[in-house]
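Below, each chain spelled out in residue letters.
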Amino acid sequence: MSVSSSLAATSARARPGWRAVLLALGAAAAVLPAFLLSDYRLFQLTTVGIYAIALLGLNVVTGYNGQISLGHGAFYALGAYVGAILMADYDVPYWATLPAAALVCAGVGYAVGLPALRLGGLYLALTTFALAVAVPQILKYRGLEGWTGGVQGIVISKPDPPAGLKLSPDQWLYLFTLGVAALAFLLVWNLLRGRIGRAILAIRDHPVAAEAMGVPLARFKTRIFAVSAMLTGVAGALGAIAVEFVAPDSFSFQLSITLFVGLIVGGVASLGGAVCGAAFIVFVPNIADQVSKAAPGAVYGVILIAFLYLMPDGIAGLAARLARRAGFD
Amino acid sequence: MQRRSVLLGGAALAALGASRRASAQQAPGVTATEIKIGNTIAYSGPASAYGAIGHAETAFFKMINGQGGIAGRKINYITLDDGYSPPRTVEQTRRLVEQEEVAFIFNGLGTPTQSAVQRYMNQKKVPQLFVATGADKWGNYKEFPWTMGWQPSYRTEAQIYTKYILDQKPDAKVGMLYQNDDFGKDYVAGVKDVLGGKFDTTIVKSVSYEVTDPTVDSQVVTLQSAGADVLITAATPKFAAQTIRKVADIGWKPMHIMTNVSVSVGAVLQPAGPEKAIGLISADYRKDPTDPTWKDDAGMNQWRAFMKQNMPDADLTDNDFLFGYGVSLTLMQVLKQCGEDFSRENIMKQAASLHDFEVPILLPGIKLNTSATNYHPIRQMQLMKWSGKSWQLFGKLIEGVQS
Amino acid sequence: MDALLHQLLSGLATGGIYASLSLALVMIYQATHHVNFAQGEMATFSTYIALTLIEAGVPYWLAFVATVVVSFVLGLLIQRVIMRPMEQAPALASVGVFVGLLLVFNSVTGWIWSYTIKSFPSPFEGGRPLLGGFISPHELGSTGVTLLVLGAVYLFFRHTRLGLAMRAAAFNPVSSRLVGIRVGWMLALGWGLAAAIGAVAGMMVAPVVFLDPNMMLGVLIYAFAGALLGGITNPAGAVLGGFAVGVIENIGGAYLVGTELKLTLALLIIVAVLVVRPAGLLGRAVASRV
């Protein structure tokens, strides 16, 4: 064996090592707050976790697959209402609402993915945005009031921790969310490596070439939409439990814009970016509020623009660039 | 000898320490020098117009502190932006209650937003005082004893209008235009309360609009073609002005009744065209700052002086500043009644013990009353008609029915 | 029958509002291949500037022209100062900047001029309401203005060298530079023109809907829908789309699904059309060679 190849072999053996260590540290850092922070802070972190799952969904379809969706708030809302209705009207336990929301949103996502095949870029963006704008009106519709509770919304309760565990509901929900998030990230990570992941990226970057290489475009794109909707829907169901309330006003078009902002700031096509983006959309509005009561929207807008200047690839993009420079390739 | 002095010294020190600890936190959010109050309101997003209420209250409490505070304590008014989004309201309210440890939440704005935290506040036994919306549900003292509204409920107002219509025009054909949210739907509910089974025959057409709609012209046309001769409009200022103008422009002359939310001379009638609104009927509990009737009124001048002193650049045609001032005065009365006991229980008890309290910016004769079984502080309104130049009050003060 | 006619006229009047903003969206798209989400808020801002001038005593048409010029310069400056650093960034990042601009303009407008609605004068007022009051002189007049601007935009892009240069710069910046087109200034010019058109749209819309900081929020959604329905590559298509959306929305709300679902219906129809004709009714599908 030559020197270079033996060096490569050594580093190849060493690389998974430090990755595993990083992952273990990350897991510990994620679980520890449950026992150190106040209930309120845990609630905030739970919200970050929930948005991270939602952004993961958005990232799958827009970041990795290039189909621009400005309407993911609609899937979030759908998941939230499915969860709330099941809990309030049918006494379904909280953990069972997640798979239910996943199933329903996957189905709707697939249905939305079908016409989306015909549209690209701007047109898809507008169409999905139209969906987001229509959601509050649909939720308020008299005909559905029996299910949705109309403008008054639905009130539900946070679950108590399973018997025996001495945790507060907020602590338990945080750990539960962490578990679901880890599962979601694992699922996506698994999906994206290997042939399927390459095919997905190929569709984004060069659809014609991808098709020429034998990638069944239509089948992939619709399924990706379904997966993405499913993830965001699960996030919505979790969100409903965390907030203990759903109402049409919680899901205005601003939610879709917020998710989109989280996607861009966190970093397109990056799993870690989903977490960074989620932190941005949860914490920066509060910062903007502290800075100015007279025009907090303007402060938020300025911070957003500044972020995009400094990191056009998002936080994850910046981190990747720095990591590359430091030699962690 | 020595031991006794040591013991005495120790006792004195212990007593000193105890009293210092006592002065530290007398009740949640209350110390010997400060009362912490929390508030959530929309400062960003499409509903950010309401932020004016928060600004008015901030200025008000600053003024109170400048005058020495209350019971020797300064008021620390912490107001946070919730962007009119219920999940954010939950987050901000929890921050105020759990992290800032405020004594109570004052004048939180919005029905969906405050609904999201209503159960939480009652579970935690923190007063959700003088909620800033006219939804009827805030008077539910049985299930939510820690929540109280302030302004007359929209539903009550609609009941008053319906009774008036039936009085004046027994076989009226009524059309309704309402904003498609809790505010608008509360009016429909109030009308239904009075009409009962006759709702479907009396209401010839009922149409809604969304806040994102640019105009309501189409809705007005629909209502006219349905043959209505009475129109009840439950719309916010922009759409109310559009409605008034369109009704006049198409030559339609129904008995037009307008929600109290959109009666401001400066914010609705001037833009719409004062001549176009002649004959418009509404009801009010406040004095309108832009109505010449109250030009020299003592109570209004008190408010004007307050604005000039503390918010000189503010737009005086904005009713929200008046609203914030009025609610704050009410709160001061509650705090005064508390004496030295600012525990949450006592604050709630005093809020439910208002007797004939008058607020100078409300119509003469309106008295605030609350009790353990009455959580609607203001229940009186007076009907008024627009003359083209000012609002002419008529009739007597009407008390809303118990809903 | 009467009622239907009235709804139709109402729809055309509303559609005119959408069409005027759609034109600004088309302009910005043709010039930069980006859609500026902040276009509506910039238009509102411009309209407030006009109001400030008018309230200070400046005669209407002078204020009109001054506002258009100021808006043009503002648009230009925004492109040069804020958008230029993003030229190398991924397309999605630019969208993020548009969102940021939207928030900034909306918030600052409310902060400076407060949220009380204000009436805005119309140059076409004074006559009795025409056609039984179902369409006002202003609505007719502003439709005329919209068509005028449409004509100007069309002529500009199809029959002037500058227009051609602008379109080329958007389509293929690299090749354009090679033939001597100053791409940077083309983009800036595009932004300036879009802002100017937006200002005109704002000043035509405000007398109808009343001026407040959130005036264009709802209009933007419909203007977008209209532009895409008609084809965002075609100014005439965008205007047609705007009118179509107005009529569909009104008729649908009055006769088909009631006002509680008319927004949903309008958007459903648009989606349906786009699925059948992805480039819009009058748009041209762009085929690129691989």
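The structure we're discussing is the one just above.
Residues numbered from 1 in each chain as written. Chains lettered and ligands numbered in written order. Predicted model: local features only at pLDDT ≥ 70, side-chain atom pairs only at ≥ 80, totals over all residues.

Asks: Account for the sheet that holds strand β4 (residues 128–131) of chain B, with residues named and values stated.
Replies: Residues and elements named next belong to chain B. Spatially, five strands are ordered β2-β1-β3-β4-β5 in an open sheet, and the strand pairing comes out parallel. Of all the strands in the sheet, the pair left with one neighbour each is β2 (74–81) and β5 (147–149). Each adjacent strand pair in this sheet contributes to an overall mean axis angle of 25 degrees, direction not counted. Pairing between strand β1 (residues 34–41) and β2: eight bridges, direction parallel. For Thr40, the partnering residue across the bridge sits in β2 and is Leu80. (Pairing = 2+ DSSP bridges. Helix = DSSP H or I, 4+ residues; strand = E, 2+ residues; numbered from the N terminus. Axes fitted to C-alpha atoms, helices over the stretch in contact; angles between N-to-C directions.)

Asks: Describe in detail helix α6 (residues 182–195) of chain B, supporting the description with residues and values.
Replies: Residue and element names in this part refer to chain B. Here α6 spans 20 Å end to end across 14 residues, near enough to the 20 Å set by a 1.5 Å rise per residue. Along α6, the residues that are buried comprise Asp182, Phe183, Gly184, Lys185, Asp186, Tyr187, Val188, Gly190 and Val191. Structurally, α6 contributes buried residues whose contacts are with α4 (111–124), α5 (154–168), β6 (174–179), β7 (203–209) and β8 (230–234). At the exit of α6 stands Gly196, carrying a positive phi of roughly 60 degrees. (Expected span 1.5 Å × (residues − 1). Buried ≥ 20, exposed ≤ 12 C-beta atoms within 10 Å, placed from the backbone. Contact = placed C-beta atoms within 7 Å.)

Asks: Describe the nonpolar core, with residues and values.
Replies: In this structure, Val234 of chain A together with Leu23, Leu25 and Ala225 of chain C are the most contacted members of the largest nonpolar core, which totals 329 residues. No other element matches helix α8 (residues 183–209) of chain C, which puts 19 residues into this core. Shared between two domains, this core holds at least three residues of each, these being domain 1 (20–152 + 293–372) and domain 2 (154–284 + 383–393) of chain B. Ignoring anything within four residues of it in the chain, the contact list for Val234 of chain A reads Ile53, Gly79, Leu98, Ala101, Ala102, Val180 and Ala184 of chain A. (Core = buried A, V, L, I, M, F, W, Y, C linked by C-beta atoms within 7 Å. Domains from an automatic or database assignment.)

Asks: Can you break down the environment of Ser38 of chain A residue by residue, with the values?
Replies: In this fold, Ser38 of chain A is placed in the loop between α2 (33–36) and α3 (39–64). C-beta crowding within 10 Å serves as the criterion here: with 14 such atoms nearby, Ser38 of chain A is assigned to the partly exposed category. Spatially, the C-alpha atoms of Ser38 of chain A and Asp170 of chain A are 9.1 Å apart, while their sequence positions differ by 132 residues. Ser38 of chain A has contacts with Glu98 and Gln99 of chain B, leaving out every residue within four places of it along the chain.

Asks: Help me get a handle on the interface of chain B and chain A, residues and values and all.
Replies: Contacts between the two partners involve 26 residues from chain B and, on the opposite side, 23 residues from chain A. Mapped by element, the contributors of at least two residues to the side of chain B that touches chain A are β2, α3 (86–99), α4 and α6 of chain B. The biggest single contributor to the side of chain B that touches chain A is α3 of chain B, with eight residues.

Asks: Could you give an account of the packing of α3 of chain B against α4 of chain B, with specific residues and numbers?
Replies: Residue and element names in this part refer to chain B. In the contact formed by α3 and α4, the axes pass within 8 Å of each other and the chain directions differ by 35 degrees. Crossing handedness for the pair α3 and α4: right-handed. Between α3 and α4, the contacting residues are Pro86, Thr89, Val90, Thr93 and Val97 on the first element and Pro112, Thr113, Ala116, Val117, Tyr120 and Lys124 on the second. By residue class, the composition of the contact of α3 with α4 is seven nonpolar, three polar and one charged. (Left-handed = near helix turned anticlockwise from the far one by under 90°. Nonpolar A, V, L, I, M, F, W, Y, C, P; charged D, E, K, R; others polar.)

Asks: Break down the pairing of β4 of chain B for me, citing the residues and quoting the values.
Replies: Residues and elements named next belong to chain B. Pairing analysis gives two bridges linking strand β3 (residues 104–106) to β4, with the strands arranged parallel. Each bridged residue has a counterpart across the sheet, and for Phe106 the counterpart in β4 is Leu129. A crossover links β3 with its parallel partner β4, the connecting element being α4, and its sense is right-handed. Note: β4 against β5, two bridges, orientation parallel. Paired with Gln128 across the two strands is Thr147, which belongs to β5. (Right-handed = clockwise from strand over helix to strand, strands pointing away.)

Asks: Hey, could you go over the interface of chain A and chain C for me, with residue numbers and the actual values?
Replies: Counting residues at the interface gives 34 residues for chain A, matched by 34 residues for chain C. Of all the elements in the fold, those that place two or more residues in the side of chain A that touches chain C are α6 (121–140), α10 (207–212), α12 (253–266) and α14 (296–310) of chain A. Grouping the constituent residues of the side of chain A that touches chain C by class yields 27 nonpolar, four polar and three charged.

Asks: Hey, could you go over the packing of helix α9 (residues 215–230) of chain C against helix α11 (residues 262–276) of chain C for me, with residue numbers and the actual values?
Replies: Residues and elements named next belong to chain C. At their nearest, the axes of α9 and α11 sit 10 Å apart, and the two run at 25 degrees to each other. If you check the angle between α9 and α11, you find them roughly parallel. Crossing angle aside, the handedness with which α9 passes α11 is left-handed. Seen from α9, the contacting residues are Ala225, Leu228 and Leu229; seen from α11, they are Leu267, Ile270, Val273 and Leu274. Residue classes in the contact of α9 with α11 are distributed as seven nonpolar, no polar and no charged. (Parallel < 35°, antiparallel > 145°, perpendicular 65-115°, else oblique.)

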